[in-house]
Amino acid sequence: MTPTLIVLLLVIAAVVAIVWVVRRQPPHAPRPGEDQDTAWNDPITPAETHHHHAHDPEPRP
């Protein structure tokens with residue numbers, strides 16, 4: 001029972017240490033020349049090149 005408890009405590013200590021180290025890392029700072037806005041979460045909007053012009057005839061049924 002004692003060796004199992006020791007191994008279990010070592011595993012728990014290792015997991016706690018890994019979580020502590022990962023959470024203490026500083027946030028990512030962009031390097032010079034690195035793109036800071038990748039627009040990965042921007043909403044998709046249609047292109048504004050399809051405007052209806054006044055001289056376009058209306059479709060007929």
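Residues numbered from 1 in each chain as written. Predicted model: local features only at pLDDT ≥ 70, side-chain atom pairs only at ≥ 80, totals over all residues. Heavy atoms only, no water.

## Observations concerning the overall build of the protein
Working step 1: Counting secondary structure elements, the protein contains one helix and zero strands.
Working step 2: The buried share of the protein, taken over its 61 residues, is 0%.
Working step 3: In the form shown here, the protein has an accessible surface area of approximately 6,800 Å², with 64% of it arising from carbon and sulfur atoms. (Helix = DSSP H or I, 4+ residues; strand = E, 2+ residues; numbered from the N terminus. Buried < 20%, exposed > 50% of the residue type's maximum accessible area, 1.4 Å probe, protein only. Areas by Shrake-Rupley, 256 points an atom, 1.4 Å probe, with all protein chains shown as cover.)

## Description of helix 1 (residues 2–23)
Working step 1: Taking 1.5 Å per residue as the helical rise, helix 1 with its 22 residues ought to reach 32 Å, and the 32 Å between its terminal C-alpha atoms agrees with that figure.
Working step 2: Burial analysis of helix 1 places just zero of its 22 residues in the buried class, which makes it a mostly uncovered element. (Expected span 1.5 Å × (residues − 1).)

## Description of a nonpolar patch on the surface
Working step 1: Side chains of Leu5, Leu8, Leu9, Ile12 and Val16 sit close together on the surface and give an oily, nonpolar patch of about 460 Å² of accessible area.
Working step 2: Within the secondary structure, Leu5 is located in helix 1. (Patch = residues over 30% accessible without salt bridge, like charges linked within 9 Å, V, L, I, M, F, W, Y side chains within 5 Å. Salt bridge = Lys/Arg side-chain N within 4 Å of Asp/Glu carboxyl O.)

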